[in-house]
Amino acid sequence: MKIVVGDRNLLPHKELFESGLPSGASVSWHRRFDEPAIVADVADADVYVGGRFTAAMAAAAPKLRLVHVAGAGTDKVDFDALPTDTLVANTFHHEDSIAEYIVSAAVLLRRGLLDQDRALRGDRWASSVYDDAIPQPASMHDARIGFVGFGHIGRRSWNLLRAFGSSGCVVTGRGRVDAGAEGLVWAGDHSSLLRLMFESDIVVVSAPLNSATRGMIGTAELAALGAGGVVINVGRGPLIQEQALYDALATGVIASAAVDVWYADPDTNGRGAPAAHPFRDLRNLLMTPHSSGVTRHTFVGRVRDITDNIRRLDAGQTVLRTVRPG
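The residue numbering used here restarts from 1 in each chain and proceeds along that chain's sequence as written. Local features in this predicted model are restricted to residues whose pLDDT is 70 or higher, and side-chain atom pairs enter the listing and the counts only when it is 80 or higher, whereas totals over whole chains, interfaces and linings include all residues. For side-chain calculations, the full set of non-hydrogen atoms in the structure is used, while hydrogens and water are omitted.

Caption draft 1: Region of the structure containing the packing of aromatic side chains. Any two rings among Phe, Tyr and Trp, with Trp reduced to its six-membered ring, count as a pair given centres within 6.5 Å; such a pair is stacked if its planes are under 30 degrees apart, edge-to-face if over 60, and tilted if neither. Under the criterion given, the structure shown has eight aromatic pairs. The interplanar angle of 50° and the centroid separation of 5.6 Å between the aromatic rings of Tyr-48 and Phe-53 together place this pair among those described as tilted. The classification of residues rests on relative accessible area computed with a 1.4 Å probe and restricted to protein chains. Under 20% of the type maximum is buried, over 50% is exposed, and intermediate values are partly exposed. What makes Tyr-48 buried here is its relative accessible area of 0%. Ring centres of Tyr-263 and Phe-279 lie 6.3 Å apart, and the angle between their planes is 15°; on these two criteria the pair is classed as stacked. Residue Tyr-263 is found in the loop between strand 11 (256–259) and strand 12 (285–287), and its partner Phe-279 is found in the loop between strand 11 and strand 12; the two are separated by 16 residues along the sequence. Pairwise contacts between aromatic rings join Tyr-246, Trp-262, Tyr-263 and Phe-279 into one cluster. The residue whose ring lies beneath Arg-302 is Phe-299, and the NZ or CZ to ring-centre distance is 5.0 Å. Numbering of helices and strands runs from the N terminus; a helix is a DSSP stretch of H or I covering at least four residues, while a strand is a stretch of E covering at least two. Two thresholds decide whether a charge sits over a ring: the Lys NZ or Arg CZ must be within 6 Å of the ring centre and within 35 degrees of the ring normal.

Here is the structure:
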């Protein structure tokens with residue numbers, strides 16, 4: 001069995017990965033996603049591991065039995081190019097790390113710590129203790145947290161945030177969340193999105209990106225959140241309309257945001273603007289490079305899931321967490 005790995009996040013765990021494979025398996029490692037190099041390597045591959053799988057890769061890999069994404073998102077896999085008998089599987093383990101990010105960003109932004117840090121670097125003590133024009137910041141106690149999407153990430157984040165004394169509400173595509181069982185005030189489907197934005201102090205966006213959710217948060221939704229509101233996007237950039245988000249931050253329609261997922265990808269060397277608009281110039285924005293889930297904890301768990309599935313494939317057993325679009 002030949003496995004081609006095109007996800008550099010697994011390289012720090014190379015020894016663990018290879019130790020979990022079936023006997024006789026060989027691994028070809030790629031330090032970065034280089035489509036021509038991978039196309040040349042997958043001709044005799046049984047398994048490809050990586051977040052991106054293109055039509056050219058599919059055409060070059062007639063023996064391929066499994067594409068295993070080293071994460072949850074499969075939006076960069078060209079399903080249409082794959083034979084129907086080629087399995088696609090994913091893995092998670094990022095929810096704990098992303099929940100830490102969400103909680104950290106929520107406190108940082110709601111307490112105004114970004115502004116305080118910048119001001120003190122210029123010897124100005126930006127606190128209501130010294131400046132009557134600065135209001136005392138709100139705490140997380142009694143904050144209403146609105147979740148747009150409530151899967152692994154949303155639930156884990158809510159378990160942490162509720163410890164502050166916050167309350168929560170949720171909208172999901174199907175609206176099947178049991179609010180009482182989850183300790184939420186209410187839950188609904190996407191038709192309740194405006195209500196959620198209006199009632200919330202902090203909105204956590206972690207919904208999947210698809211034709212129904214792309215651009216679901218725009219000018220009207222951000223206006224409903226209001227001038228004290230905070231947005232934290234850890235789902236996919238295009239869930240929030242780029243122009244609307246930039247304008248809302250630049251003009252004070254909302255107070256602040258943390259964005260970990262963007263509108264453009266970098267090159268293979270990690271260089272490139274994350275969006276067409278100059279978000280870098282905004283002072284009320286925490287910008288991170290899709291790193292909220294990138295921890296050792298995340299990828300050790302993913303390596304174990306991936307190698308377990310490869311062993312299952314080799315033994316003719318059911319591969320877990322298989323996905324297909326739709």
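Caption draft 2: Spotlight on the nonpolar core. What is meant by a nonpolar core is a set of buried Ala, Val, Leu, Ile, Met, Phe, Trp, Tyr and Cys residues, joined one to another through side-chain atoms within 4.5 Å. Membership of the largest hydrophobic core comes to 31 residues, with the highest contact counts inside it found for Val-148, Leu-196, Met-197, Ile-217 and Phe-279. Sorting the residues of this core by element identifies strand 7 (167–172), helix 8 (193–199), strand 9 (202–205), helix 9 (219–225), helix 10 (242–250) and strand 11 as the ones contributing at least two each. For this core, the leading source of residues is helix 10, giving five residues. If you look at the next biggest cluster of nonpolar residues, it comprises 27 residues, including Ala-143, Ala-179, Val-234 and Leu-286.

Caption draft 3: Quick look at the pairing of strand 8 (residues 186–189). Residues Trp-186 and Gly-188 line the buried face of strand 8, whereas the alternating positions Ala-187 and Asp-189 sit on a face that is not buried. By definition, two strands form a pair when at least two bridges between them are found by DSSP. One ladder, built from four bridges, connects strand 7 with strand 8; its direction is parallel. Note that in strand 8 the partner of Val-170 across the bridge is Ala-187.

Caption draft 4: Geometry of the sheet that holds strand 11. Spatially, 8-7-6-9-10-11-12 is the arrangement adopted by the seven strands of the open sheet, whose pairing is parallel. At either end of the open sheet lies a strand with only one pairing partner, and these are strand 8 and strand 12. When the angles between neighbouring strand axes are averaged without regard to direction, this sheet yields 15°. Of the strand pairs in this sheet, strand 10 (residues 230–233) and strand 11 are connected by four bridges, and their pairing is parallel. Counterpart to Asn-233 in the pairing with strand 11 is Val-259. In what follows, residue pairs with any heavy atoms lying within 4.5 Å of each other are defined as contacts. Axis definition: a line fit to C-alpha positions, over the contact stretch in the case of helices; interaxial angles, taken between N-to-C directions, run 0 to 180 degrees. With respect to the sheet, helix 6 (residues 152–161) is in contact with strand 6 (144–148) and strand 7, its orientation differing from that of strand 6 by roughly 175°.

Caption draft 5: Spatial organisation of the sheet that holds strand 1 (residues 2–5). The strand order across the open sheet built from five strands is 2-1-3-4-5, with neighbouring strands paired in parallel fashion. The sheet is open, and its two edges are formed by strand 2 (26–29) and strand 5 (87–89), each paired on a single side. With direction set aside, neighbouring strand axes in the sheet form an average angle of 15°. Where strand 4 (residues 66–68) lies against strand 5, three bridges are found, and the strand directions are parallel. Residue Val-67 lies in a different strand from strand 5, and its bridge partner there is Val-88. Relative to strand 4, helix 11 (residues 296–315) is tilted by about 170°, and along the sheet it contacts strand 1, strand 3 (47–49), strand 4 and strand 5.

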